[in-house]
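The primary structure of each chain is shown beneath.
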2 protein chains.
Amino acid sequence: MRETVVVAHDGSRKPIQLAVERPLTLYVDRQEIVTLMTLGQEPELLSLGYLLNQGLVPRAEEIESITVDWEVAAAAVRTVQGSVGIGLAERLARRTVTTGCGQGTVFGDWLQRVSPLPPAHDAPGSVPHDALVRLLDVMRRQPSVHRDAGSVHGTALWRGDSMLVHVEDVGRHNAVDTVAGWMAMRAIDGAACWLYTTGRLTSEMVLKAAHLRVPVVISRNGATAMGQDLAEQLELTLIGRANGARYLCYSGAERLRPGPA
Amino acid sequence: MRETVVVAHDGSRKPIQLAVERPLTLYVDRQEIVTLMTLGQEPELLSLGYLLNQGLVPRAEEIESITVDWEVAAAAVRTVQGSVGIGLAERLARRTVTTGCGQGTVFGDWLQRVSPLPPAHDAPGSVPHDALVRLLDVMRRQPSVHRDAGSVHGTALWRGDSMLVHVEDVGRHNAVDTVAGWMAMRAIDGAACWLYTTGRLTSEMVLKAAHLRVPVVISRNGATAMGQDLAEQLELTLIGRANGARYLCYSGAERLRPGPA
């Protein structure tokens, strides 16, 4: 973050904090892939998660090294097989219509790569009200760029009653991609995890969670119709408008263990 | 919007409205460009604005027709010269690293296409406090998908004390792109306009406004450091955290005519 002085509505000058994003250009075996705007908290994990979620690299094992150099704002990714070996050209061609976020969607390509989670009714009551309330309380108290500067999105991965990782970035997709990179590096099984995001529950967010095998997604934000449709189709428990001890479950409510009115 | 029944924190069932996004695949002279997720309010204008903002089509005059067919979720764009004539292949190659939104940025390519606005100090006091308060009041009262269903972003173009157009979509970029398409169809001069967005004031949002020659951008959300840097560089007046009669000006404060404390 950096401090800047802004002019308020009454003409007074006021110091505030700003989230500082910077460009990071991603190269795979020397080929330029994309320029991401990022807070730069975990550039290697963001690069890894982006490549995995976009399907540009089939699995983390295919990557030999990721070298980030902020001097030139670049993340150089080297693969074991090389770009020809992993079929990067074909993967990029497909990627041009699947660019993630509201503009360009991972939709078509993703559904082919994502299989449904275990049925929600196989884990009845596995999401207790008290655990959700505690998670929301921890996330609210969490020190964050958002609390100090706003204008960023956060994503956290939870397992049982512990938060495994919390990432913030200028876009909700960068944050969840970084979590994906973190999980890939540690071979974390998403099946036992919950994903918290500050972002809206759109189709892409549901698909990314399902791709990570995470059966429960929680947001203080709401869901879109396609987000709900996909969550139902993929047997994912989608919880939104979460605030304090209140929330709405858009799909997979069988996993909920409700609390008091 | 569609109504759906969700399960609340206490297990009760509750009907709510959901924003309904759908995929729209954009074709230019039969070549597939991108699939956008959209509310579908103005698919032709969204298609036009997207192509212009991404620099895939140099100007609206190059477009002969845009035909949207929801049956196949497609927007077919025909250009006057044809794809070879407008150099679509080269433009697409450049676009692959400039995908808009937090992931992939229009940054590099944009700066070459955007020139600074007239200096802010040339229009001292051209943004009176009372006019801003009124705009914020109108936007708050505006009937909207967001008010009923949430999970969408809105953009409005103002000139003087009248709102020219208001668009909502699942992403803040779709909304501003649709406004860009609307302006292009009517050859609206952005110089006399203000742009209101519900989204964050990131570098891409500042660049899109500057590309439209709109000197004043207002959001109820905050700005990022690069958003502020670019706004200063481009002589754009950036107003954020706008709520009721309060707001913060991140750059170009010379245009402000402040109000009471």
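As the structure is a computational prediction, the values presented were derived from the model and not from experiment. (Residues numbered from 1 in each chain as written. Chains lettered and ligands numbered in written order. Predicted model: local features only at pLDDT ≥ 70, side-chain atom pairs only at ≥ 80, totals over all residues. Heavy atoms only, no water.)

Engineer: Which parts of the structure should I look at to understand the sheet that holds strand S8 (residues 153–159) of chain B?
Structural biologist: In a beta sheet, neighbouring strands are held together by backbone hydrogen bonds and run either parallel or antiparallel to one another. Strands sit in the order S2(A)-S1(A)-S13(B)-S12(B)-S11(B)-S10(B)-S8(B)-S9(B) across an open sheet of eight strands; the sheet is mixed. The open sheet has two edge strands, strand S2 (13–18) of chain A together with strand S9 (162–169) of chain B, and neither has a second partner. Strand-to-strand twist of the sheet, defined as the mean angle between neighbouring strand axes without regard to direction, takes the value 30 degrees. Bridge count for strand S1 (residues 2–8) of chain A against S2 of chain A is six bridges, and the pairing is antiparallel. Looking across to S2 of chain A, one finds that arginine 2 of chain A is bridged to leucine 18 of chain A. Where helix H6 (residues 172–186) of chain B meets the sheet, it contacts S8, S9 and strand S10 (193–197) of chain B, and its direction lies at approximately 30 degrees from that of S8 of chain B. The sheet strands contacting helix H8 (residues 225–233) of chain B are S1 and S2 of chain A together with strand S12 (237–243) and strand S13 (246–251) of chain B, and the helix crosses S13 of chain B at an angle near 65 degrees. (Pairing = 2+ DSSP bridges. Helix = DSSP H or I, 4+ residues; strand = E, 2+ residues; numbered from the N terminus. Axes fitted to C-alpha atoms, helices over the stretch in contact; angles between N-to-C directions. Contact = heavy atoms within 4.5 Å.)

Engineer: Is there a simple way to explain the relation of the copies chain B and chain A in this structure?
Structural biologist: Copy one and copy two of the chain differ by a rotation about a common axis and a shift along it. The two copies are related by a screw operation: chain B maps onto chain A through 180 degrees of rotation and 0.0 Å of translation along the axis, at an RMSD of 0.0 Å. Interpreted geometrically, this transformation is the action of a two-fold axis. Here 100% of the interface residues in chain B have copies in chain A that are interface residues too; the copies meet face to matching face. (Least-squares fit on C-alpha atoms with pLDDT ≥ 70 in both.)

Engineer: Got a minute to help me understand the interface of chain B and chain A in this structure?
Structural biologist: The parts lose accessible area when they come together, and the size of an interface is often stated as this lost area. Contacts between the two partners involve 70 residues from chain B, matched on the other side by 70 residues from chain A. Summed over both sides, the interface between chain B and chain A buries roughly 5200 Å², with carbon and sulfur atoms accounting for 56% of that surface. Among the ionic pairs, arginine 2 of chain A bridges to aspartate 229 of chain B, the shortest N-O distance being 2.6 Å. For the interface between chain B and chain A, the tally reads 24 residue pairs in polar contact (both at pLDDT 80 or more). Broken down by secondary-structure element, the contributors of at least two residues to the side of chain B that touches chain A are strand S1 (2–8), strand S2 (13–18), strand S3 (22–28), strand S4 (31–38), H6, helix H7 (203–211), H8 and S13 of chain B. It is S4 of chain B that provides the largest number of residues to the side of chain B that touches chain A, a total of six residues. Classifying every residue of the side of chain B that touches chain A by side-chain character gives 31 nonpolar, 25 polar and 14 charged. With two bridges joining them, strand S13 (residues 246–251) of chain A and S1 of chain B adopt antiparallel strand pairing. Each bridged residue has a counterpart across the sheet, and for leucine 248 of chain A the counterpart in S1 of chain B is alanine 8 of chain B. (Buried area = accessible area lost by both parts, 1.4 Å probe. Salt bridge = Lys/Arg side-chain N within 4 Å of Asp/Glu carboxyl O. Polar contact = N/O pair within 3.5 Å; in protein donor to acceptor, adjacent residues only side chain to side chain. Nonpolar A, V, L, I, M, F, W, Y, C, P; charged D, E, K, R; others polar.)

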